[in-house]
Amino acid sequence: MKYSGWPDPGELVVGKIDEIEDFGVFVDLEEYEDKRGLIHISEVASGWIKNVRDHVREGQIVVCKVLDVDEGHEQIDLSLKDVNDHQRSEKIQQWKNEQKADNWMDLAVAEGIDDETYTAIANELIGAHGGLYEGFKQAAIHGEEALSSTDLEADEITSIVETARENVSVPYVNVTGYVDLENPSPTGVDGIRDALEAAEGNGGIPDEVELEVSYVGAPEYRIKVKAPNYKTAEAQLEESAQRAVTAIEGHDGDGEFHRERRTDDE
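Since the model is a prediction, treat every value here as computed from it, not as a measurement.

Undergrad: In this structure, what is going on with the pairing of strand β1 (residues 12–21)? I would like to understand it.
TA: On a regular strand, each side chain points to the face opposite its neighbour's, so the side chains alternate between the two faces of the sheet. Summarising the sheet, β1 and strand β4 (residues 61–70) pair through five bridges and their orientation is antiparallel. Bridging from a neighbouring strand, Val 13 pairs with Cys 64 of β4. Pairing of β1 with strand β2 (residues 24–29) involves six bridges; the strand directions are antiparallel. The partner of Ile 20 across the bridge, within β2, is Val 25. In this structure, the hairpin formed by β1 and β2 is closed by a connection of two residues.

Written out as structure tokens, the structure reads:
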């Protein structure tokens, strides 16, 4: 997927060198549809340049800074020398991530979907999170909540979340759930305490997982889990809640796990 508009001055863009002349270099912009820019010889590298080909080659992928855009004359002036190594590396990684996300879009949307609908779905992700990759990343971490501000249909959101969680690797994820604990039996508060200790794992939580149980408002308790991936986080959350429910039922009390908060705001 490529942008249909024009880049902005100051923006970093990824391009492929298409043609090298004595006066400069023509670059096809990889992120923009049917857009081509020119790197003047003075913007190829710092200092005096004897031969442009000593610095660039046809087919090379480069990161350039947009100096000026003249839409009327369809001219984009670019600079290669104004991009440092850190900017180049970061931009290339961003571009590669967007290419991955473009492939994920193909997996998430129905086969045979028309281009207009495909673009509309992609634009919802971009509008909500600034890019396709970030949209899928947030969907992997936060699920349907990450797409609640979009105009996507429920089945489209479900498909995107499922695709994201199957394909996106993130440093860690946070998930939250709630468990209601009530104990009218004689053990009362002691039974609740046992259930909370069970929820916290009694020291049996894996080292790579952080799990916290906190009071929200009677009878509701919040369980927060931080883990390296969604699958582990979800499993630990559900196991924590189940331990609490089992423990409270052992005191002839009642327990129930749910994902959404039910008590009023604190």
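Undergrad: Quick question: what am I supposed to make of the nonpolar core here?
TA: The tendency in soluble globular proteins is for nonpolar side chains to be buried side by side. Met 105, Phe 136, Leu 147, Ile 160, Leu 181, Ile 223 and Val 225 are the most contacted members of the largest nonpolar core, which totals 48 residues. It is helix α6 (residues 230–249) that contributes the most residues to this core, seven residues altogether. Tyr 32, Val 44, Cys 64 and Leu 78 belong to the second-largest nonpolar core, a separate cluster that totals 20 residues.

Undergrad: Got a minute to help me understand the sheet that holds strand β3 (residues 36–40) in this structure?
TA: Strands pair in a sheet through their backbones, by hydrogen bonds, and they do so in one of two ways: parallel or antiparallel. Ordered in space as β1-β2-β3-β5-β4, the five strands form a closed barrel in which the pairing is mixed. The average undirected angle you get between the axes of adjacent strands in this sheet is 50°.

Undergrad: What's the story with the pairing of strand β5 (residues 75–79) in this structure? I'm lost.
TA: Bridge analysis of β3 against β5 gives two bridges, and the strand direction is parallel. Bridged to Leu 38 within β5 is Asp 77. Both β4 and β5 contribute to a ladder of five bridges, which runs antiparallel. Bridge pairing links Val 69 to Ile 76 in β5. Count of turn residues in the β4/β5 antiparallel hairpin: four residues, of which Glu 74 carries a positive phi of about 50°.

Undergrad: What exactly am I supposed to notice about unusual backbone geometry here?
TA: Excluding glycine, a negative phi dihedral is what most residues carry, and trans is how most peptide bonds are arranged. Cis geometry marks the peptide bond from Ala 218 to Pro 219, where omega comes out at 5°. When you line up the elements, Pro 219 lands in the loop between β7 (210–217) and β8 (220–227). Backbone geometry places Asp 34, a non-glycine residue, at a positive phi of 55°. Within the fold, Asp 34 resides in the loop between β2 and β3. The exposed category is assigned to Asp 34, whose relative accessible area is 72%.

Undergrad: Looking at this structure, how should I read the pattern of salt bridges?
TA: Pairing between side chains of opposite charge can happen when their charged atoms approach one another. Across all of its chains, the model carries ten salt bridges by this definition. The salt bridge involving Asp 190 is made with Arg 193; its shortest N-O contact spans 2.7 Å. With Asp 190 and Arg 193 both in helix α5 (residues 188–199) and three residues apart, this pair spans about one turn of that helix. On the accessibility criterion, Asp 190 (45% relative accessible area) is partly exposed. In this structure Arg 193 comes out as partly exposed when scored by relative accessible area, which is 41%. Among the ionic pairs, Arg 259 bridges to Glu 234, the shortest N-O distance being 2.9 Å.

Undergrad: Explain the packing of aromatic side chains here, please?
TA: The relative placement of two aromatic rings is captured by the distance of their centres and the angle of their planes. Applying the stated criterion to the full structure yields five aromatic pairs. Pairing Trp 104 with Phe 136 gives two aromatic rings, centres 5.6 Å apart and planes at 70°, and the pair type is edge-to-face. On the criterion of sequence distance, the pair formed by Trp 104 in helix α1 (residues 85–108) and Phe 136 in helix α3 (residues 132–142) is long-range, its members being 32 residues apart. Relative accessible area serves as the criterion here: at 10%, Trp 104 is assigned to the buried category. Here the aromatic cluster, defined as three or more aromatic residues joined through ring pairs, consists of Trp 104, Tyr 133 and Phe 136. Sitting above the plane of the Trp 6 ring, Lys 35 keeps its charged end 4.7 Å from the centroid. Just above the ring of Tyr 172 sits the side chain of Lys 226; from NZ or CZ to the centre is 4.3 Å.

Undergrad: For this particular structure, what's the right way to read the side chain of Gln 236?
TA: Positionally, Gln 236 belongs in helix α6. Gln 236 gets classed as buried once you look at its relative accessible area, which sits at 10%. If we skip the residues at most four places from it in the chain, Gln 236 touches Ile 205, Pro 206, Val 209, Leu 211 and Val 225.

Undergrad: What is the right way to look at the environment of Leu 107 in this model?
TA: Structurally, the position occupied by Leu 107 is in helix α1. Residue Leu 107 is classed as exposed on the basis of its relative accessible area, which comes to 57%. In this structure, the C-alpha to C-alpha distance between Leu 107 and Tyr 221, residues 114 residues apart in sequence, is 37 Å.

Parameters and conventions
Residues numbered from 1 in each chain as written. Predicted model: local features only at pLDDT ≥ 70, side-chain atom pairs only at ≥ 80, totals over all residues. Heavy atoms only, no water. Pairing = 2+ DSSP bridges. Helix = DSSP H or I, 4+ residues; strand = E, 2+ residues; numbered from the N terminus. Core = buried A, V, L, I, M, F, W, Y, C linked by side-chain atoms within 4.5 Å. Buried < 20%, exposed > 50% of the residue type's maximum accessible area, 1.4 Å probe, protein only. Axes fitted to C-alpha atoms, helices over the stretch in contact; angles between N-to-C directions. Salt bridge = Lys/Arg side-chain N within 4 Å of Asp/Glu carboxyl O. Phe/Tyr/Trp six-rings, centres within 6.5 Å; stacked < 30°, edge-to-face > 60°. Lys NZ or Arg CZ within 6 Å of the ring centre and 35° of its normal. Contact = heavy atoms within 4.5 Å.

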